[in-house]
Structure formats: C-alpha cells, structure tokens
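Now for the letters of each chain:
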Amino acid sequence: MKAVILIGGKGTRLRPLTCDAPKPLLPVVNRPFLEYQFEILRRHGIREVRLCTSYRPADFKNAFGNGRRLGMKLSYIHEKEPLGTGGAVRNASEGLNDTFLVLNGDVLNTLDITSFLKFHRKNRAEASLALTRVKDPTLYGLVETAEDGRVKRFLEKPSWDEIVTNTINAGAYLFEPGVMKLIPPGVPHSLERSLFPQLLQGRSRMYGYVTPGYWIDIGTVEKYLQVHLDILGGATPFPVPASKLRPGLALGRKVKLGKNLTPAADGGKAALGDGGTVGDFARFSGRVCVGPNGRIGKGASLEDCVVLAGARIGDGAQLKRCVVGPDCVIGANSIVSEGSALAGGSEVRPFSLL
Ligand code: GDD
Ligand code: MG
C-alpha cells in the first residue's frame, strides 16, 4: 500500500517556530517530526510515500531527498497555491488504483495501520477514518459514529454546543481511489468540510476506527512542548535518542558536562543533543530537551522546556515551560516563563523577564 502525507500547511499556530521551518520538519526530541511517521509506516511495510508540499518545499527535499537514507521511497507533489487537504490528496491520488493511506503531517500516534486496513476491508468501506478521543473536540473534526462504526456525522471545528461525542478525526484515512472523483481537480478543496459531508450525504460507506493509545497533534506551541514532555516522560512508545545514559540524563555525542549538576529527579529526564555543553551547577527538573550544540550556562535552571539547536542560555538564567528557538541567546540571569516561544536567533539581554 502507498501513503500520502499532507505537509503543505503554514503552521501558523506554531509561529514563531514555523517562520523558519515547516511544522513537519521541526525537531521533536532532536529528530525531524516526520521521521516518527516514517518509522510507523515502515513498521507496517509501507515505504512508498507521496509528500504533498506547499509551504517551504525545498526544506523537505533538503532534509529527506528521495528517502533512501531512511529506508523510504519518497516523491514530492508541490502546490504553488495551497489546495487544501482535499486538493492535495486529489493531486497525489493520480495513478493510484488501489486502497491508499493518507496522514496529516503533524500527528504523532501509534496507529496500527495493519488493523486499520483489516477494518476497512471487513466493512467494504470506501473511506475509513482513524478516530481518537480528546477532552476538547472544538479544536478538531468531530466524528459521530453508529454502533457498527459507520460514520453518521462529521463536523469540522464544532462549537461547544455542537459536541455530542468525544471522538474526533485523528488525521489518518484509508481511501478507495474511486472516492477521489468527488474532488474537483486543481482547485482548493477540504476533505473535512466538503468531501466527508458529501460522502455522508451520498450514503457512501464511511467508517470510523477508534485507535487506542497515544495521540497528539503538534500544531500549537503548547502541544509542541507537550509532545516533548510525553516522549521524555515515557508516555509514548518512542525512545529518547542517546549515546550515553546517566541518571536523569540522555546524552548525545560529545556533550560536555560541568561539575555539580543537579539532574532531574523522580523519573524526569533531560535529553542533551550532540555537541552540547552544560556549565557547573546547572539544574534540570521535569523533562527538558536541548538541541545539538546547545550551551547551558553556569547555574542556569531549566524545567519542562525545549531549547532548540545552537541556542545559548546564559549563566543563572531560569527557564520554565517554554520553547527557545534555534540559535537564540538568552542573557545571564534572565527568566523565561511559562508559554514563551522565542523566534530562532532572538537575543535577550541579561536580567530580562519574559
Ligand atoms: N499539501 C497541503 N496543502 N497540505 C495542507 C494544506 C494544503 O493546502 N493545508 C493543510 N495541510 C496539511 C498540514 O500541513 C497538516 O499536516 C494537515 O494538512 C492538517 O492541517 P492542520 O492545519 O494541522 O489542520 P488541523 O489540525 O486544524 O485539523 C485537522 O487535523 C485534526 C487532527 O489533528 C483536521 O483534519 C481535523 O479534522 C483533525 O481532527
Ligand atoms: Mg493539525
């Protein structure tokens, strides 16, 4: 089976981080996010993937090329003007004459693609949607199903008074190629707002498959931080990359550690990327990720935060529940607090309060 991944969005809710990189390439625990999706696809024997690009297409080609390094066979389909999720899938479906898988390029979960396909076949479905349960369905596509799994209603970004269930569209679909005839070619189109309601109206066989286990859409700064905390805290089946492990620390290659560090306690963990340095008396708590060549100053304290590649955190600075973009310089004794997200290359002078 072949797969299509939608990666053309501008990632506006993840600005400023997506000003310099598309969302699916942002590092998640020091690996480009899409590599997690490739890993899941490979586990289920899928290697051939069509990537639907629009925003910053060259970045993807530079990162993955034809995919051989990753054991994948990648091709790129570019939209000059974004065609929406429907237009993108319609484009990518050219020449496909068998059931195919579509993934949103910003979701991390442990979808069992093999069981999903069995479910699709058993129901003789024309379209199957993976579903997950969330606390706040207003941010997603609400999917109401009958007891046998048949989809009764699809409502994108419902308001609170429209919530009738907690199952939402998890951003993974199986389609029969015939369904694509309903999408007009070359014009913007939405799967969620047009195709799915249209399939329901026409009484097409559309089924919802509830996927158990971990699921997250990394599309906001809060969720981008959260996926790091979850991976570092062991809440997902994805390992923390490390060439050396110490209590509370997962170290990349050539990391220089100062004296008298306080590592995270109580199951917390700090992942330090290749070539990083940590000054004497620095303190880590909770779950912290520092990108390659990050520099943490003497006596700095970091709690539940993400520091991207090449950023420098000054002596005595304090960071909590924030994301520091690549190559930022945080002056000594500054405080960067909850919810902050600093654009790549930002410079913050000593003693700043953010
Ligand atoms: N090629 C291309 N062209 N890709 C696009 C375009 C486009 O015009 N617009 C969006 N995408 C890609 C994004 O890059 C992302 O990977 C995916 O499509 C979904 O877009 P988002 O902007 O992240 O949508 P969302 O998170 O608000 O909602 C979608 O995902 C939810 C699950 O995470 C919907 O599918 C919801 O129904 C769903 O619940
Ligand atoms: Mg999304």
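A brief structural summary. (Residues numbered from 1 in each chain as written. Chains lettered and ligands numbered in written order. Predicted model: local features only at pLDDT ≥ 70, side-chain atom pairs only at ≥ 80, totals over all residues. Heavy atoms only, no water.)

## Some remarks on the overall build of the chain
This is how it is decided: Only runs of H or I of at least four residues qualify as helices and only runs of E of at least two qualify as strands under DSSP, and these elements are numbered from the N terminus. Computation of the radius of gyration draws on C-alpha atoms, with the globule rule given as 2.2 Å multiplied by the number of residues to the power 0.38. Buried residues are those whose accessible area, probed at 1.4 Å on protein chains only, stays under 20% of the maximum for their type, while exposed residues exceed 50% and partly exposed ones sit between those limits. By definition, residues are in contact when any of their heavy atoms lie within 4.5 Å. The Shrake-Rupley method, run with a 1.4 Å probe, gives the accessible areas here. Residue values count only the displayed protein chains as cover. The charge count treats Lys and Arg as positive and Asp and Glu as negative. His and the chain ends do not count. Note that the charge is assigned to NZ on lysines, CZ on arginines, CG on aspartates and CD on glutamates.
Assigned secondary structure in the chain consists of 6 helices and 28 strands. Taking 354 residues into account, the globule formula puts the C-alpha radius of gyration at 20 Å, and the chain, at 22 Å, falls close to it. Taken over the C-alpha atoms alone, the chain extends approximately 65 × 45 × 35 Å along its principal axes. Counting over 354 residues, the chain shows a buried share of 53%. Across the chain, the fraction of contacts at a sequence separation of at least 24, relative to all contacts at a separation of at least 6, is 51%. Accessible surface, the chain: about 15,900 Å² in total, of which carbon and sulfur atoms supply 49%. Considering the chain, the positive charge centre built from 47 side chains and the negative charge centre built from 33 side chains are found 5 Å apart.

## Looking at the coordination of the magnesium ion (ligand 2)
To be explicit about the condition: Sites may look incomplete, because water is not among the atoms used; the donor set itself consists of N, O and S atoms within 2.8 Å of the metal (3.2 Å for Na, K and Ca).
Surrounding the magnesium ion (ligand 2) are the protein donor atoms Asp106 (OD) and Asp217 (OD), at 2.1 to 2.3 Å. Taken together, the residues span a long stretch of sequence, with aspartate 106 in the loop between strand E6 (100-104) and strand E7 (107-109) and aspartate 217 in strand E13 (residues 215-217) at a distance of 111 residues. Taking relative accessible area as the criterion, aspartate 217 reaches 16% and is therefore assigned buried.

## Examining the sheet that holds strand E22 (residues 312-313)
Stated formally: Each pair of strands is called paired provided DSSP finds at least two bridges between the two strands.
Judged by pairing direction, the sheet is parallel, and its 6 strands sit side by side in the order E16-E18-E20-E22-E25-E28 without closing on themselves. Where the open sheet ends on each side, the last strands, each with one partner, are strand E16 (256-257) and strand E28 (347-348). In the sheet, strand E18 (residues 277-278) pairs with strand E20 (residues 295-296) via 2 bridges, with the strands oriented parallel. In the sheet register, threonine 277 faces E20, and the bridge partner there is arginine 295.

## Details of the pairing of strand E19 (residues 283-290)
When a strand is regular, its side chains alternate between the sheet's two faces. Taken together, the 4 bridges between strand E17 (residues 269-272) and E19 define a ladder with parallel strand orientation. Looking across to E19, one finds that alanine 271 is bridged to cysteine 289. Here E19 runs beside strand E21 (residues 301-307); their pairing, made up of 6 bridges, is parallel. By the bridge assignment for E21, phenylalanine 284 is matched with leucine 302.

## Some points on the site of ligand 1
Where we set the bar: Here a residue is near a molecule or strand as soon as one of its heavy atoms is found within 4 Å of it. Pairs of N or O atoms within 3.5 Å make up the polar contacts considered here, provided that, within protein, one atom can donate a hydrogen while the other can accept it, and that residues adjacent in sequence are counted only when both atoms are side-chain atoms.
The immediate surroundings of ligand 1 are formed by 27 residues, with Gly84, Glu156, Asn169, Glu192 and Asp217 found nearest. Between ligand 1 and the protein, one listed contact pairs an oxygen atom with a backbone N or O atom of leucine 6 at 2.8 Å. Protein chains shield 90% of the accessible area of ligand 1, which is 740 Å² for the free molecule. Among the elements of the structure, helix H3 (84-92), strand E10 (151-156), strand E11 (167-175) and E13 are those that each provide at least two residues to the shell around ligand 1.

## Notes on the pattern of salt bridges
Any two side chains of opposite charge can pair, given that their charged atoms come close. To be explicit about the condition: The rule for a salt bridge is simple: a side-chain nitrogen of Lys or Arg has to be within 4 Å of a carboxyl oxygen of Asp or Glu.
A complete count under the given rule lists 12 salt bridges for this structure. Measuring nitrogen to oxygen at the nearest pair gives 3.8 Å for the salt bridge that ties arginine 31 to glutamate 35. Here glutamate 94 ties to arginine 90 by a salt bridge, and the two come within 3.7 Å at their closest N and O atoms. Look at arginine 90 and you get buried, because its relative accessible area is 18%. When salt bridges that share partners are traced, they join Arg31, Glu35, Glu39, Arg43 and Arg69 into one network.

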